[in-house]
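Chain residues, written in single-letter form:
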Amino acid sequence: MSASHLVVFPSQGDRESPADRIRRLQVEARELAHEHLELLANSLVEVSRLAEEVSEGGEIYPVGAREFARRLADETTKHAFTLSGIVERA
């Protein structure tokens with residue numbers, strides 16, 4: 001966790017105020033959303049890789065499946081880069 005995201009939690013003896021709890025939960029939610037988006041971007045990269053393998057698989061795969069996989073590989077690669085850029089800027 002970077003210093004810009006450092007959250008200080010009250011000790012066990014201190015009572016957390018509702019405002020403090022809201023801030024803490026908002027920070028946690030943002031961190032989880034970031035992790036979730038990274039997981040989605042990584043999954044898109046994996047889909048792209050698999051689709052590329054199928055598209056280059058030769059005659060063992062039906063022509064329609066190879067063409068579909070080629071287009072899917074192109075699209076998911078673009079989407080993965082776009083999503084990664086969004087996550088990095090956030």
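Right, let's walk through the structure included here. Every chain is numbered on its own, with residues counted from 1 as its sequence reads. The predicted origin of the model limits local features to residues at a pLDDT of at least 70 and limits the giving and counting of side-chain atom pairs to 80 or more, whereas totals for whole chains, interfaces and linings rest on all residues. Each side-chain value is derived from all of the structure's non-hydrogen atoms; neither hydrogens nor water enter the calculation.

Residues enter patches when their relative accessible area tops 30% and they take part in no salt bridge; the joining distance is 9 Å for like charges and 5 Å for the nonpolar side chains Val, Leu, Ile, Met, Phe, Trp and Tyr. Here the accessible surface of atoms and residues is derived via Shrake-Rupley with a 1.4 Å probe, and residues count as covered only by protein chains that are part of the display. We define a salt bridge as a contact between a side-chain nitrogen of Lys or Arg and a carboxyl oxygen of Asp or Glu at a distance within 4 Å. Where nonpolar side chains cluster on the molecular surface, the patch consists of Val-47, Phe-68 and Leu-72 and spans about 240 Å² of accessible area. Position of Leu-72 relative to the elements: it lies in helix 2 (residues 63-89). A helix here means a DSSP run of H or I that spans at least four residues, while a strand means a run of E at least two residues long, and both kinds are numbered starting from the N terminus.

Moving on to helix 1 (residues 18-55). Helices are assigned an expected span. That span is 1.5 Å times one less than the residue count. Compared with the 56 Å implied by 1.5 Å per residue over 38 residues, the 54 Å span of helix 1 between its first and last C-alpha is a close match. For helix 1, the set of buried residues is Arg-24, Val-27, Ala-41, Leu-44, Ser-48, Ala-51 and Ser-55. Buried-residue contacts for helix 1 involve helix 2. Partly exposed describes any residue whose relative accessible area lies between the buried limit of under 20% and the exposed limit of over 50%, with all areas from a 1.4 Å probe on protein chains only and scaled to the type maximum. Two residues qualify as a contact provided that any one of their heavy atoms is within 4.5 Å of a heavy atom in the partner residue.

Another point: helix 2. With 27 residues, helix 2 should reach 39 Å at 1.5 Å per residue; the first-to-last C-alpha distance of 40 Å fits that figure. On its buried face, helix 2 is in contact with helix 1.

For the coordinates displayed, the defined rule picks out 9 salt bridges. Between Arg-49 and Glu-46 there is a salt bridge, with the nearest N and O atoms lying 2.5 Å from each other. With a gap of 3 residues between them, Arg-49 and Glu-46 both fall in helix 1, about one helical turn apart. Owing to a relative accessible area of 39%, Arg-49 belongs among the partly exposed residues under this scheme.

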